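Each chain is listed here by its residues.
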Amino acid sequence: MLIGKPSQFPSSSITPQRQYLSRRRFLRGAVSGVTAAGATVIGGDRLAQLFSPRTSVFADSKLTTVPSPLTTTGEQLTSYQDVTTFNNYYEFGVQKCQPAQNAGGLPTRPWSVNVEGLVKQPKTFDIEALLKLRPLEDRVYRHRCVEAWSMVIPWVGYSLSEFIKQCEPLSDAKYVQFLSYYDSSVEKWASESTIQWPYSEGLRMDEAMNPLTLLTFGVYGKILPNQNGAPIRIVVPWKYGFKSAKSIVKVRFLDRMPPTTWNEQAPNEYGFYSNVNPDVDHPRWSQKTERRIGLPFYAQRRTTLMFNGYGDEVAALYKGMDLRKDF
Ligand SMILES: Nc1nc2c(c(=O)[nH]1)N[C@H]1C(S)=C(S)[C@@H](COP(=O)(O)O)O[C@H]1N2
Ligand SMILES: [Mo]
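Residue positions are counted from 1 within each chain, in the order its sequence is given. All chains are assigned letters beginning with A, and all ligands numbers beginning with 1, in the order in which they are written. At least 70 in pLDDT is required for a residue's local features to be given in this predicted model, at least 80 for side-chain atom pairs to be given and counted, and no such filter applies to totals for whole chains, interfaces and linings, which use all residues. Excluding hydrogens and water, the side-chain figures rest on all heavy atoms present in the structure.

Visitor: Just to check I follow, could you spell out the pairing of strand β2 (residues 112-117) for this structure?
Guide: Residues in a regular strand project their side chains so that they alternate between the two faces of the sheet. One requirement defines pairing of two strands: DSSP has to find at least two bridges between them. Segments assigned H or I by DSSP are reported as helices when at least four residues long, segments assigned E as strands when at least two residues long, and all are numbered from the N terminus. Across four bridges, β2 lies against strand β3 (residues 123-126) in antiparallel orientation. Its bridge partner being in β3, Ser112 is matched across the sheet by Asp126.

As structure tokens, then:
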């Protein structure tokens, strides 16, 4: 077994989730046996952590789910392996392989989401209560990153609108902001980029209330792995991936557009709306096509669809807007 800084390991040396969990159970059993015999040793939890801190103990837990009428079908799903090892989560490193290696220390329990701003009264929701608020649905969505790659992912969650109703926003709330967890002692890689933390994203209220916008707790029928934004994230399938903030700790209702991370980084490259739009290129690359992760190389290239293929459901939200200006 390897011991060292996670960044020193090639991804091939990462212990697969199942193997790690069973090893962890074994270690616990072994250590309690030794302790019972009278020897002084470090506890099973601590020992297991020393050996392999990369995967959350929750990551393998199955969720009880129901089918969803809002699922997208017909396309081959991206494998669990690709969905959970090719990630963007800059707090845990700027390379795609880094979040899976580094996010093990994200403390996903206890966890609560604070709601503030233009609401009847500020509230705090515990993650366990949020998991039970509505039946958890299986929803397959296309996922299009602004970097022109894509996946097809079976998420687990329920419409964000169900949560927003519980927040009791006031009528002058026109936008909603999502703030991600940030702790520089846990997310040591955050300083590798010039981003101002915490990660911030936002939606116009009608976008947030659209039934497709998913409050997400899981993937492939299981609790979200940390690198995918555990324990709670947003998924907005008709927008570029960066609109979907991970590991949310705060939701704020506002009467104006909130500042958002990528828009602040480079306003000419990343707009507030960031709807998937093959007709509006990024200043440095085309958005007309995308590379579907996990397929053989000759089959990867595909045409990007307006609103990522969700135009029937969302085009009306942007009626009368110039999407070249409001990109
Ligand atoms: N807090 C936080 N949320 C984030 C990001 C991030 O770096 N930090 N990256 C975004 C980007 S660019 C994408 S494409 C998606 C990636 O989600 P996935 O890794 O689950 O596919 O998360 C988004 N949410
Ligand atoms: Mo992205």
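Continuing now.
Visitor: Explain helix α6 (residues 160-167) here, please?
Guide: Along an α-helix, a turn takes 3.6 residues, which lines up residues three or four apart on a common side. For every residue, the accessible area obtained with a 1.4 Å probe (protein chains only) is divided by the maximum for its type, and the residue is called buried under 20%, exposed over 50%, and partly exposed between those limits. Every buried residue of α6 is accounted for by Leu160, Ser161, Phe163, Ile164 and Cys167. Along the axis of α6, the buried positions cluster into a sector of 155 degrees, meaning they face one direction only. Glu168 sits one or two positions beyond α6 and adopts a positive phi of about 50 degrees. Regarding the arc, it is the one traced by the directions from the helix axis to the C-beta atoms.

Visitor: Explanation requested: the nonpolar core in the structure shown.
Guide: Generally speaking, a soluble globular protein has its nonpolar side chains buried in company with each other. Of all hydrophobic cores here, the largest spans 76 residues; its most connected members are Phe163, Phe178, Phe217, Trp238, Val251 and Phe253. The element contributing the most residues to this core is strand β5 (residues 149-159), with six residues. It only takes one pair of heavy atoms within 4.5 Å for two residues to be counted as in contact. Discounting chain neighbours no more than four positions away, the residues touching Phe178 are Leu160, Tyr199, Ser200, Glu201, Gly202, Leu203, Ile234, Ala245, Ile248, Lys250 and Val251. To qualify as a nonpolar core, a set must consist of buried Ala, Val, Leu, Ile, Met, Phe, Trp, Tyr and Cys residues joined through side-chain atoms within 4.5 Å.

Visitor: Would you explain the pairing of strand β12 (residues 289-292) in this entry?
Guide: Covered by surrounding structure in β12 are Glu290 and Arg292 only, the residues Thr289 and Arg291 on the alternate face being uncovered. Pairing between β5 and β12: two bridges, direction parallel. Paired with Ser150 across the two strands is Arg292, which belongs to β12. Pairing of β12 with strand β13 (residues 301-303) involves three bridges; the strand directions are antiparallel. Directly across from Glu290, in β13, lies its bridge partner Arg302.

Visitor: For this particular structure, what's the right way to read the site of ligand 1?
Guide: Whether a residue is near a molecule or strand depends on its heavy atoms: if one lies within 4 Å, it is near. Ligand 1 sits among 17 residues. The nearest are Tyr90, Glu91, Arg233, Ser244 and Lys246. Two N or O atoms form a polar contact when they lie within 3.5 Å of each other; inside protein one atom must be a possible hydrogen donor and the other a possible acceptor, and for residues adjacent in sequence the pair counts only when both atoms belong to side chains. Interatomic distance of 2.9 Å between a side-chain N/O atom of Glu91 and a nitrogen atom of ligand 1. The method behind every accessible area is Shrake-Rupley, applied with a 1.4 Å probe, and residues are considered shielded solely by the protein chains displayed. The fraction of the free accessible surface of ligand 1 (540 Å²) that becomes covered by protein chains is 98%.

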